[in-house]
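Residue-level listing of the chains:
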Amino acid sequence: MNKTDILLGLQWGDEGKGKLVDVLTPHYDIIARFQGGPNAGHTLEFEGTKHVLHTIPSGIFHEHVTNLVGNGVVIDPVIFAKEIVGLKEKNVDVAGRMVISRKAHIILPTHRLLDRASEASKGTSKIGSTLKGIGPCYMDKTGRNGMRVGDLLDQQFESKYQALKGKHLQLIQGFGIADVYTSEELAEMEAAFYAGVDVLRQLTIVDSEHYINRAMKDGKKILAEGAQGSLLDIDFGSYPFVTSSNTIAAGACTGLGIAPSRIGEVIGIFKAYCTRVGSGPFPTELDNAIGEQMRQTGREFGSTTGRARRCGWLDLPALRYACMINGVTQLIMMKADVLSDFDELQVCTHYLFNGEKIDYLPYDIAPEYVQPVYVTVPGWNCDLTQLQAESDFPTALSQYIAFIESALEIPITVVSVGPDRKQTIIRSDRALIPA
Ligand code: GDP
Ligand code: IMO
Ligand code: MG
């Protein structure tokens, strides 16, 4: 019986998961999303074109591969249908390459309105949610009120929908916020929802836990694609400034129905620096010209919301924590090219916590508790985007990689030096793909 590999983000999301899943896909039979929903924006670039995926797994551009949307994912039929249309226009046969779990939960229009009301009620302490209805949908799931893909095929669909919608509208009133929505807007949202539901009903809906376990038994190779990042995990992220799902490796077990003993490699992906979008603590944030330079060079603007991403230096205590929680077996470093213009780089190796130097992530990483302690290392100060092999690496880049590997005690098997598929350098036989 084969094992399932997992690729997931180790920081606050947007590490480059979409790009790397696309690069790895030719070596797999199934690519499976296990959590999150359209709050994700996964970017792929090849043959001069950029593609952004939200709910559809990043293996969709490869003909021979099945893309599975697992039970742990929350699906907005409106966004899902839009994604399918967009891909069809690019001649991608989505329906023929994708299966969806009967147990995945559905985002209703009123989940999005609830997200809006909840954020508005929080004022300056808002989460900075993508407002896609993720939190309210997962709340209905754990509160045992939710609607699932299986319900779309049920005779009772309409009455279940109306009952849940009614409950949501009452909850929205309870927030006491004026003008959360207009009835015209809700009617428009619902029309799009019903159209999306019709699209969803036409797709291949499966009992995905059986599907995936059978596939492993048949010797198929499976890669689980994470969304968001470990520091946004509902249990281990910087709570409450997190998303509402388990983004870590354990989420692949519950989000797909795979036993822990059936997990193979855990591939942790990180940027050579850090970014965060939305609110919440960010110890190494650079709210200055250096951060702005990273943002411009790295084109750090959200793939889903277009918001500017906050930028800062690499944070090793946070990365070490994410590696521990996930049991990372190999690392992939992204966007090294973005740091090319700096003579010197800083890396956070420790925090000062209550006046004491620590190298782990404490309960609260707000600025009043932790201050980053940096070492300065030489920058490579040259363009990396044309590099073809590790033998071409400037010495300072090799040193940067060795420094991180020794701090985390995990090998970096792949280095990405640009957004295109081809700008990917394999460093090791363990990288799951040949150099
Ligand atoms: P994801 O959510 O983890 O899939 O990441 P996003 O797609 O939201 O954000 C990553 C961004 O960085 C996208 O715009 C990618 O095209 C881009 N990207 C990925 N890898 C690299 C890289 O190595 N260098 C540069 N310059 N850009 C990259
Ligand atoms: P990918 O998969 C970066 C952030 C939001 C907000 C918090 C909660 O592209 O890496 P939510 O909409 O889930 O209620 O928002 O989480 N967030 C992300 N940040 N990348 C993502 O996904 C994100 N998905 C959610 O900005 O701070
Ligand atoms: Mg993203």
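Here goes a summary of the coordinates provided.

Procedures and definitions
- Residues numbered from 1 in each chain as written.
- Chains lettered and ligands numbered in written order.
- Predicted model: local features only at pLDDT ≥ 70, side-chain atom pairs only at ≥ 80, totals over all residues.
- Heavy atoms only, no water.
- Salt bridge = Lys/Arg side-chain N within 4 Å of Asp/Glu carboxyl O.
- Helix = DSSP H or I, 4+ residues; strand = E, 2+ residues; numbered from the N terminus.
- Buried < 20%, exposed > 50% of the residue type's maximum accessible area, 1.4 Å probe, protein only.
- Axes fitted to C-alpha atoms, helices over the stretch in contact; angles between N-to-C directions.
- Left-handed = near helix turned anticlockwise from the far one by under 90°.
- Contact = heavy atoms within 4.5 Å.
- Pairing = 2+ DSSP bridges.

## Remarks on the pattern of salt bridges
If the charged atoms of two oppositely charged side chains come close together, the side chains can form a pair.
Working step 1: According to the stated counting rule, one finds 18 salt bridges in the structure shown.
Working step 2: The partner of aspartate 14 in a salt bridge is arginine 309, with the nearest N and O atoms 3.0 Å apart. Highlighted residues: aspartate 14 in the loop between β1 (4-9) and α1 (17-24) and arginine 309 in the loop between α11 (289-297) and β13 (310-312), separated in sequence by 295 residues.
Working step 3: Residue glutamate 292 is joined to arginine 295 by a salt bridge in which the shortest nitrogen-to-oxygen separation is 2.4 Å. One end of the pair, glutamate 292, and the other, arginine 295, are both in helix α11, three residues apart, so they sit about a helical turn from each other.
Working step 4: For glutamate 292, a relative accessible area of 34% translates into the label partly exposed.
Working step 5: In this structure arginine 295 comes out as buried when scored by relative accessible area, which is 14%.
Working step 6: Put simply, Asp14, Lys271, Glu300, Arg309 and Lys335 are held in one network by salt bridges that share partners.

## A closer look at the packing of helix α7 (residues 157-174) against helix α8 (residues 183-202)
Each packed pair of helices is defined by two parameters, the angle between the axes and the distance between the axes.
Working step 1: It is the contact of α7 with α8, at a shortest axis distance of 14 Å, that shows an interaxial angle of 145°. Pair α7 / α8 crosses with right-handed handedness. Note on element contacts: α8 touches α7 through Leu186, Glu190, Phe193, Tyr194, Val197 and Arg201, opposite Phe157, Glu158, Tyr161, Gln162, Lys165 and Leu169.

## Some thoughts on the sheet that holds strand β20 (residues 424-426)
Working step 1: An order of β9-β7-β5-β2-β10-β1-β11-β15-β19-β20 is seen for the 10 strands of this open sheet, with the pairing classed as mixed. Edge positions in the sheet fall to β9 (204-206) and β20, since each has one partner strand and no second. Neighbour to neighbour, the strand axes of the sheet diverge by 25° on average, direction disregarded.
Working step 2: Against the sheet, helix α9 (residues 208-217) engages β1, β2 (30-33), β5 (66-69), β7 (98-101), β9 and β10 (222-225), with an angle of about 140° to β5.

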